[in-house]
Structures are given as structure tokens and as C-alpha cells.
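Residues per chain are reported as follows:
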Amino acid sequence: MVNIKGFGCKVLIILLLFGPKLCISQLAETATATDTTAVVQPAAIPVINIVQETAKANEALKLINRKIEPKNQFREIDSLFPQYALFVEDQKNYVAQFIQANPNRQKVDNLIKKWNGYGALLKNWEGIINQYEQRNSILLDEVNGHKQTWDLTLQNAILEKAPTEIVENARSVMEDFNRLKEFISEENNDFLKLESKINLQISSAENVIDELIALKNSKVYHLFYLRHKPLWNTSFKTPEHYKAENIGSESFSENLSGIRQFVKNNDRSIYLFLISIVLITLLIRYLRSYFIKYSFDETDGDLQKAKDIMMSHSWASILFLSLLASKLFLSATPRLFDDIRLFIVLIATLPLAQPYIHKRYKKICYFVIIFYLMDAAKTYVWFSSAQYRLYLLAEAFLVIGATYYFTHPYLQTLKLDIGKFGRQLIRISPVLYLLSAISIISNLLGYTNLTDLTLKICTQGSILTVILFGTLLIVKGISTSSIHGHYSRKGTYNADKKSAGHLKTLQILRVIAIICWVVIFLELIDVLRPLNDVLKDLLTEPYLLGSITFTIGTVITFILILGVSFLITSFISYLFDDADTGPLKILQLPKGVPAAISLVIRYFIIALGVILALSSLGIDLSKFNLMAGALGLGIGFGLQTVISNFISGIILVFERPILPGDTVEVNNLLGTVNRIGVRSSSISTFDGAEVIVPNNSLIANDLINWTLSNNTKRVEVLVGTSYDADPNQVLKILFDAASENENVLKIPAPQALFSEFGDSSLNFRLRFWVHYEVGMQTKSEVSIAVYNLFKEQGIEIPFPQRDVRIRELPDQTTNVSKIPRK
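Procedures and definitions
Residues numbered from 1 in each chain as written. Predicted model: local features only at pLDDT ≥ 70, side-chain atom pairs only at ≥ 80, totals over all residues. Heavy atoms only, no water. Helix = DSSP H or I, 4+ residues; strand = E, 2+ residues; numbered from the N terminus. Buried < 20%, exposed > 50% of the residue type's maximum accessible area, 1.4 Å probe, protein only. Contact = heavy atoms within 4.5 Å. Areas by Shrake-Rupley, 256 points an atom, 1.4 Å probe, with all protein chains shown as cover. Expected span 1.5 Å × (residues − 1). Pairing = 2+ DSSP bridges. Axes fitted to C-alpha atoms, helices over the stretch in contact; angles between N-to-C directions. Phe/Tyr/Trp six-rings, centres within 6.5 Å; stacked < 30°, edge-to-face > 60°. Core = buried A, V, L, I, M, F, W, Y, C linked by side-chain atoms within 4.5 Å. Polar contact = N/O pair within 3.5 Å; in protein donor to acceptor, adjacent residues only side chain to side chain. Parallel < 35°, antiparallel > 145°, perpendicular 65-115°, else oblique. Left-handed = near helix turned anticlockwise from the far one by under 90°. Nonpolar A, V, L, I, M, F, W, Y, C, P; charged D, E, K, R; others polar. Patch = residues over 30% accessible without salt bridge, like charges linked within 9 Å, V, L, I, M, F, W, Y side chains within 5 Å. Salt bridge = Lys/Arg side-chain N within 4 Å of Asp/Glu carboxyl O.

(A) The overall build of the protein, seen in detail. Assigned secondary structure in the protein consists of 25 helices and 10 strands. Within the span of the protein, comprising 822 residues, buried residues form 39% of the whole. Of the contacts formed within the protein by residues at least 6 apart in sequence, a portion of 74% connects residues at least 24 apart. For the protein, the accessible area works out to roughly 47700 Å², and carbon and sulfur atoms hold 61% of it.

See below:
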């Protein structure tokens, strides 16, 4: 479960510790901003140092000239933009004709995607130019500083009547910096002009997209708008405006040319994509090695599937993830490239999904691929209105046929053991029949908008389900192998805790997959955008509470930032706290150092999260300046114990007198350290109790750590024999009894010692070293071995004996009954 209480305590302590500092820093910044005399002014270089500084200035000039030299990326943008601007203008003219052609909804969607690609490319160019501008602005400030310095140096050299050569050197350097300043300023102006032109084209593309979206939201595209005549009254002749309509279809030749152009102009993105493939391959193969190296004994079916994905289908997983990663690195690609990529993703899903689907439904993936190809064909093959409706009619009948093939007979199939996937398919089959019937009827009557939507739900919904199913299988495999490796490398671990972690992770992944499915599906059926607009209006609606104005969006952002900060810190703790299993293992750091590094990173993230969360609410930390003094007094008096425990916790982490897993003794309490927290530490006693000890108690009181430098312990067994026993034989028996026990360490060797002549026995000591965890058990085993050997050799372990000397016996005539009894 999420430890909200502990997180809240961390946030509170960080606020208390760093709040006053933040306020004071705000005051310092304000004072610095108002104190103009604090600004460092350029100063003249002494005449005696001009020659030496001239060489340094020349090096600085070379370095800055090298930095401002136009890169190939900029030259490409500068040469391609004029042609691209003309291309965009031509496409705008095509869009005007396209709108007049009364296209169907899918072709409008295709055109919107195309224009989104145009806009994405232009925004990428704009970002690159903006980076050059920012770099030049920084360099301009640097050059300006150099120029002012050498201007003052020149004036000072003239005033001091320095040699002519020195004056000329100073003048030459100053002029060089002045020319460089003018060049950078001119180059930045060129960047600004180009950025302005690109921005105009971006605005133009956004206007086109808005126009197409408005078209899609117009009355003509409402679900129950009668767009066409009934199918039996429709002419199947090619219309006169065929050319205008054909603008909405994609050309293979244009797409192939676009792919070649994309590869030529995006070599950097392609290199990053290739690097991502290598990293994905290394990750999958590394995680796969956990199952090879350590046995996996989980019996849950989903966990066994996850293991099988990593063991038997690792290369298919690598291909699948690489294609998904290409979407991140290779954006704004031609439509044909996107369609081929998605087709290969569906092919890669076959070896991943089919082994875990009931044999009756294994062919369903092939039908999904057929649906995808039929859906993609609409983009590249132009149909007249009547032909397109017949095509949709055939697609609807194919959906009905596929549903019937996999689900009949319905009632009998429902009773069979067909797995989770089969049962879900059986349950939704009536919905598929209903949607297909609606599609057929609406198509016949001319309500083709409704036809498009119902078919999209059936076909693209199934495509989305298959892809997310494959993604979920791979992510399950990755998470299962990670958790398995994390625990297995420890050697000893709680198997129940490991199994619970596996199952909880799978449950969370299923929930995330469902959320992703819903979001993407809403986008497919064009519901996400209006829903997003409604939510945006709701979240940005201002509310007034007293003198405070806030929105629901800022409150949710505040909570999300804190929640994400906590999740990140938990993940970092999972990765770095254990020196034996974390990524810092390769550094061979001393025990406890990874935990200290983890603590610093976690507290930094929490502090940063608190500051960002407060900033999201619009809170200006400088307004708390007056509270800094009062807050400091509160920390000093009211929260002295809390801060003392917090500082003690930091000392424990960095000084490392105790570590998680150590056996310690403090305040007559003996147990194992479970956790060193922000305020207190948890110690589990050997009686099964878990004791919460304030960190200050561990620092201020005497602390015995039995396992700090090593986990060995000396055990001593005391034994006595009768005076008839041979001490030499007894010593040998004691030594043999300890040496033969497998838990007794060979180094240092056991010691058998004669202790003393007792009143009734010869006393001996047997000392030997063992690992602390088995100390009590080993002492018991060695003691029993000593007893058995004594018994075999006839050596007696005597009882205490006393000699009683009677000085005077009582009179025999005394009545015994009168003697008092005890």
C-alpha cells in the first residue's frame, strides 16, 4: 500500500527546513535585483597583461566563430522552406476543391492527419531555428562583454602611452569583437525573419486544420444526416467531379517520394531510432537472462505467460517495441509509411498473441489484419459514392461472417472453457451483430455517416484491441522479469511478498491498458476532442474562496505533481536502496552508500515536487517573507524533537553506524533493523514485535551493532567434569565437537580452554565463531555433541557436592519426635 503518512511527513519536514531558506533567497534575489551597483562591470586589462590576454582573446574568437558557423541542419531548412511554402499553398488550393467535393468523413480525417504532419514538420523547423537564436543571444552577450573590456583596454593603453604595438594589438582585438558582434546580430535577424515566415505557415496550416474540423462538425456529417439517396436509387456511373473528389485519396508515387524525402531530411531522427533499437534489444535480452539464471517457481497462469513471452518470443517483442518506438522518433512521416508500420506491428502481434488464445480463436488475428487492409485500401483507392457504399456493405457482411464463424453456436460456445479472450468475444458478439446491422441498414437508406462510425467501431476497435493486447503481454513480461531478477539476486527473500508484487503489478498494468484503450478509442470515433474541450472548460473555470482565486485544474495539477513525485521517489528507492540488486551494483560501493545516494535523490525530488506543486497553484513564495522568522522560531521550539529526529536520520544514513538488515541492541532491545526512516527507524525483535525507535535515540544512546563490519559472533560454552577425568582428553573432545559442526567457522579456529579447579568439578571453556544468524542453533548443537562425546568416553559431568562435618551427635535418648523439622 502507498505510505501517504510517510510522504506527508517528508513534505512537512522539507517545508519546515527549506521554507525559510526559500523566503530568504527570495529577499536576497529582490535585493540583488534592486542593487544596480552589484552588477559586475567590464574592467580594462592592465597594459602589462595585454599581450598575454590577446592570445586568449584570439582563441575565444576562434571558438565563437566555430559555434556561430551555420550548421547543415539550418542550411537545409533555409533551402527547403521556400519550396515547402509553395507546396503548402498548393495544398491549400486542393483543400478548397476537396471541401466542395462533399467527401466522406474518413477522407476528411485522412486530410487532417496529413495537415497535422505538415504542421509538425514546420514546428520542428521553428524549434531548431529558435535554438539557434537562443544560442546566438548568449554568445552575443559574451561577445559584447569582450568588446567592452577591450574598448576600455584600448583607452587605458592610449592614456598610459603604451608602445604602439600594444595599442594596435588592443585595437585589432576590439575591432574583431565588434565585427563579430555585428555578424551575430545580423545572423540573428536572419533567424528571426525565417522563424517569422515559418510561423506564418504554421498559422496557415492550423487554419486549414480548423477549417477541416469545422467541416467535420458541420450538419452534413451528423450521424443522422441523410447524405445520399437510398442505395437502390443511386447511380453507379463515375461522377463529373471525380477529379475534385480524388484529392482526398493518397497517391502511392507521392507517398514513396515523400518517404525518400523524409529519410533524406531526417537522418538524425533515424540514428536515434537505430540507437533505440539497440537499447531495446539489450534490455529484452538482459531481462530474459533473469529467467535463465534464476528458477521461476510462480504457479499463476498470467505470470507463466509473462515468462514465456520473454523466453520464447523475445525477438518478436523486440520487433514490436521497436516499431512502437519509431512512432516517437519518426514523426510527421508519410501516410504510406505509417500504414506499413502498423501492418508490420499487426504481423509481429501474431507470435505474441496466438499462443495464449484458445485454438478456436487463433485465426481471429488474421481477420483483424484483413479488416486493417480493407480499411487502409480506402485511403489509396478512390471510389465513387455508390462504389464506396458497396465497399462498406461488403465490409459489414465480412464482420458479421467473422463474428458468426467464431461464436456459433452461441449458447453452447458460452459454456465451453475457451479462456478469457474467448469469453469476452462471446459476450460482445451481440454488440458486433447490432453494429453491423445498423451499418447495413443505414448504408442502404443513405445515412452513410452512421455507417462509417459503426464500421469504424467494429474494425478499428478490433485492431486497437489486438495491438494493446500484444503491448500488454510484452510489458507484463518486462515487469515480471524485472521483479523476479530484483528478488532473486538477493538470495533470500519473502516469496509471498514477491508473488504479491507480481500480481499487483499485473493488475495495475491491466488498468493502465484499459485506460489507454478507452482514450485511443474515443479519439478514433472523434469523441475525444469535444470531451477534451468540455473538460478543459470545466478545469479552467475560476472559483473564488475568500480572497483566493483557484481552478479545479490547478488543484488537480497540485495533487498530480505531489503524487508523481512520490511515485518517482518510490521507484528510485526500489532501484537504488539495495546494493546487491540495484544499478549501482557495478560500482561495488560499500554497504549503505546506495541507500544514502537514494535518500539524497529522493529528498531532492520531493523538495522540487513541493516547489513545483506550490507554483502550479500560483503561490508566490516571496509573500511568505514575513513568516520566515516566525517559522524559524516554531522550528526551534515547538518542533525541536521532530527536527532532531530528522537530522539524526540523515546522520544514520550517511555515517552508517546501522544499516537495514543489521542486528542491533539498544535500550535493552535486541532485533533486526528493517528501515531507517525520515523520523524514526523500525526494528523487528526476535519475539516477532516491530518496534518504532526515534532516530535520536539511536544516536544519543549506547548502541551495539552485532553485524556492522561483519556478521560473525563468538559463542562460549561452559562445562565441568569430575576430577577423575583427564583434562587433555576433555580439551580434545571439546575441540572436536566444535570443529565437526558445519556452522562453526574454521578461521578463527575453535578454542578449548581449561578454566579453573572448581569446588566439585574441573571447569572448561569452549569458544568458537559462527555467523550471527545461526549462533543460538549452533551453540545448542555443539553442546549436545559435547554431552554425547562425554557419555561415549565415560566422562562424568558432576553435580555440586558439599562435605558436611558433624561436630557433636545428639543424645541417643533424645526423643526423635521432639526434634524440630524443617
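(B) Geometry of helix H16 (residues 448-488). In this model, H16 (41 residues) spans 58 Å end to end at C-alpha, consistent with the 60 Å of a helix rising 1.5 Å per residue. Most of H16 is tucked away, with 35 of its 41 residues classed as buried.

(C) Fine view of the environment of Leu321. Relative to the assigned elements, Leu321 resides in helix H10 (residues 314-329). Look at Leu321 and you get buried, because its relative accessible area is 18%. Ignoring anything within four residues of it in the chain, the contact list for Leu321 reads Ile280, Ile284, Ile474 and Ile478.

(D) Layout of the sheet that holds strand S8 (residues 712-721). Ordered in space as S8-S10-S9, the 3 strands form an open sheet in which the pairing is antiparallel. The open sheet has two edge strands, S8 and strand S9 (751-757), and neither has a second partner. Direction aside, the axes of adjacent strands within the sheet are offset by 25° on average. Here S8 pairs with strand S10 (residues 762-771) via 10 bridges, running antiparallel. Within S10, the residue paired with Val717 across the bridge is Leu766. Taken strand by strand, helix H24 (residues 727-739) contacts S8, S9 and S10, and its axis lies near 20° from that of S10. Sheet strands touched by helix H25 (residues 775-792): S8 and S10. Its angle to S10, the strand with the most contacts, is close to 140°.

(E) The arrangement of the side chain of Gln354 in detail. Examined against the element boundaries, Gln354 turns out to sit in the loop between helix H11 (335-353) and helix H12 (364-380). By relative accessible area, Gln354 is classed as buried at 16%. When neighbours within four sequence positions are excluded, Gln354 is seen to be in contact with Thr349, Lys362, Cys365 and Tyr366.

(F) The packing of aromatic side chains, seen in detail. By the definition in use, this model includes 16 aromatic pairs. Aromatic side chains Tyr84 and Tyr118 sit 6.3 Å apart centroid to centroid with 85° between the ring planes, which places their arrangement in the edge-to-face category. Separated by 34 residues along the polypeptide, Tyr84 in helix H3 (residues 72-100) and Tyr118 in helix H4 (residues 105-159) bring together distant segments of the chain. Each member of the pair, Tyr84 as well as Tyr118, is classed as buried.

(G) Layout of the side chain of Arg341. Structurally, the position occupied by Arg341 is in helix H11. Residue class for Arg341 comes out buried when judged on its relative accessible area of 8%. Each residue touching Arg341, except ones within four places of it in the same chain, is listed here: Leu323, Ser326, Lys327, Leu330 and Thr333.

(H) Quick peek at the pairing of S10. By the bridge criterion, 6 bridges tie S9 to S10 in an arrangement that is antiparallel. Across the sheet, residue Gln751 finds its bridge partner in S10, namely Arg767.

(I) The arrangement of the nonpolar core in detail. Ile284, Phe320, Leu346 and Ile478 are the most contacted members of the largest nonpolar core, which has 39 residues in total. Looking at this core, the elements with two or more residues in it are helix H8 (267-293), helix H9 (301-312), H10, H11, H12, helix H15 (419-445) and H16. Once you skip the residues sitting within four places of it in the chain, Ile478 turns out to touch Ile284, Leu287, Met310 and Leu321.

(J) The arrangement of the environment of Asp300 in detail. Inspection of the secondary structure assignment puts Asp300 in the loop between H8 and H9. As a C-alpha pair, Asp300 and Ser499 span 199 residues in sequence and 9.0 Å in three-dimensional space. At 3.0 Å, the side chain of Asp300 and the backbone nitrogen of Asp302 are in polar contact.

(K) Representation of the packing of helix H2 (residues 50-68) against helix H5 (residues 164-216). Relative to each other, H2 and H5 sit at 15°, their axes nearing to 10 Å. As far as their axial angle goes, H5 and H2 are roughly parallel. In the packing of H2 onto H5, the handedness of the crossing is left-handed. Between H2 and H5, the residues in contact are Ile50, Val51, Thr54, Ala57, Asn58, Leu61, Ile64, Asn65 and Ile68 and Ile166, Asn169, Val173, Asp176, Phe177, Leu180, Phe183, Ile184 and Glu187, respectively. Class assignment of the residues belonging to the contact of H2 with H5 gives a composition of 12 nonpolar, 4 polar and 2 charged.

(L) Region of interest: the sheet that holds strand S4 (residues 669-676). The sheet built from 5 strands is open, its strands ordered S6-S5-S4-S3-S7 with antiparallel pairing. Looking at strand neighbours, the two that pair on one side only are strand S6 (690-694) and strand S7 (703-705), the edges of this open sheet. Neighbour to neighbour, the strand axes of the sheet diverge by 40° on average, direction disregarded. Note that strand S3 (residues 663-666) and S4 share 4 bridges and pair antiparallel. Its bridge partner lying in S4, Val666 is registered against Leu669.

(M) A look at a nonpolar patch on the surface. Residues Val527, Leu531, Leu535, Leu538, Tyr543, Ile552, Ile556 and Leu560 make up a contiguous nonpolar surface patch of roughly 640 Å² in combined accessible area. Put simply, the parts of the chain that give the nonpolar patch at least two residues each are helix H18 (528-539) and helix H19 (552-576). By secondary structure assignment, the location of Tyr543 is in strand S1 (residues 542-545). The class for Tyr543 is partly exposed, based on a relative accessible area of 36%.

(N) Summary view of the pattern of salt bridges. Here the structure, examined in full by the defined rule, presents 16 salt bridges. Note that Arg171 and Glu168 form a salt bridge whose closest N and O atoms lie 2.9 Å from each other. Linking Arg171 with Glu168, this pair stays in helix H5, spanning 3 residues, or about one helical turn. Note that Arg510 is salt-bridged to Asp302, the shortest N-O span being 2.5 Å. Note that Arg510 is positioned in helix H17 (residues 495-524) and Asp302 in helix H9, a separation of 208 residues in sequence. Here Arg510 falls in the partly exposed class, since its relative accessible area comes to 29%.

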